[in-house]
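Structural overview
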Amino acid sequence: MPEFSVIIPARNEAAYLPGTLRALERQTLAPAEVIVVDNASRDQTAQIARSWGAQVLSCPEGGVARARQLGLDTARSSWVATTDADSLPAPGWLAAYAQAALLAGGYPEVEAYEDVILGQNLARLGEIGYVPRALVETSARRLDRGVGPFLIQHLRNLTGHTRGYFGDDRLPPPEH
């Protein structure tokens, strides 16, 4: 199995980050390094990450893409996986990801849609099936308002009504 760096962009994630770091500790394929990129947090995100033994990088420029890219640029392993600071990867997540990436030959560079590229490479090998152990169980934040609102939002997403998924329902609608 290859060695993996795991990158976690984080902004004000003190409430959720311990769960994600605990889930990474329970991986059947342990990450070679865990990098938390603190994206201008105003809470204890960086201190919590350090207390769990993660390498902490500071990214003062806002935006998850910038934070993720800083982590990717810093990672020492030749293989990289990313997850959100409020996600709970199942214990076999990294091992399953590694097996799938090796089977498909990986991808030449990390791009904005690296998971789509990996999926396309896997599809060329044959039929793609549901692999529960390769998934993140859920984002803890998505359950903050209860299971009912969580399920309603997913139904809206499935029907193409994604407004609100990323908290943008609290912002004014975009102008057309």
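Residues numbered from 1 in each chain as written. Predicted model: local features only at pLDDT ≥ 70, side-chain atom pairs only at ≥ 80, totals over all residues. Heavy atoms only, no water.

What to know about the overall build of the chain
A count of helices and strands for the chain gives six helices and six strands. Start at the N end of the chain and walk to the C end: the helices and strands fall as β-α-β-α-β-α-β-β-α-α-β-α. Within the span of the chain, comprising 176 residues, buried residues form 41% of the whole. Roughly 10700 Å² of accessible area belongs to the chain as shown, and the carbon and sulfur atoms make up 54% of that amount. (Helix = DSSP H or I, 4+ residues; strand = E, 2+ residues; numbered from the N terminus. Buried < 20%, exposed > 50% of the residue type's maximum accessible area, 1.4 Å probe, protein only. Areas by Shrake-Rupley, 256 points an atom, 1.4 Å probe, with all protein chains shown as cover.)

Topic: the packing of aromatic side chains
With the rule as written, the count across this model stands at three aromatic pairs. Ring centres of Phe4 and Trp79 lie 5.8 Å apart, and the angle between their planes is 45°; on these two criteria the pair is classed as tilted. Of this pair, Phe4 sits in strand E1 (residues 4-10) while Trp79 sits in strand E4 (residues 79-82), placing them 75 residues apart in sequence. Residue classification places Phe4 among the buried residues on the basis of a relative accessible area of 1%. (Phe/Tyr/Trp six-rings, centres within 6.5 Å; stacked < 30°, edge-to-face > 60°.)

Let's talk about the pairing of strand E3 (residues 55-58)
Note that strand E2 (residues 33-38) and E3 share four bridges and pair parallel. Of the residues in E3, the one forming a bridge with Val36 is Val56. Handedness of the β-α-β unit built from E2, helix H2 (residues 45-51) and E3 comes out right-handed. (Pairing = 2+ DSSP bridges. Right-handed = clockwise from strand over helix to strand, strands pointing away.)

Some points on the nonpolar core
Counting residues in each nonpolar core, the largest one holds 23 residues, and the members touching the most others are Ile8, Leu17 and Val36. Elements that contribute at least two residues to this core include exactly E1, helix H1 (17-25), E2, H2 and helix H4 (93-104). It is H4 that provides the largest number of residues to this core, a total of five residues. Counting residues in hydrophobic clusters, the runner-up holds nine residues, among them Cys59, Ala67, Leu72 and Ala75. (Core = buried A, V, L, I, M, F, W, Y, C linked by side-chain atoms within 4.5 Å.)

So, the pattern of salt bridges
One pass over the full model with this rule turns up three salt bridges. Note that Arg66 is salt-bridged to Glu61, the shortest N-O span being 3.3 Å. Across the pair Arg68 and Asp84 runs a salt bridge whose closest N-O atoms are separated by 3.8 Å. Of the two residues, Arg68 is situated in helix H3 (residues 64-74) and Asp84 in the loop between E4 and strand E5 (87-89); the sequence distance between them amounts to 16 residues. Residue classification places Arg68 among the partly exposed residues on the basis of a relative accessible area of 21%. On the basis of relative accessibility, which here comes to 36%, the residue Asp84 falls in the partly exposed class. (Salt bridge = Lys/Arg side-chain N within 4 Å of Asp/Glu carboxyl O.)

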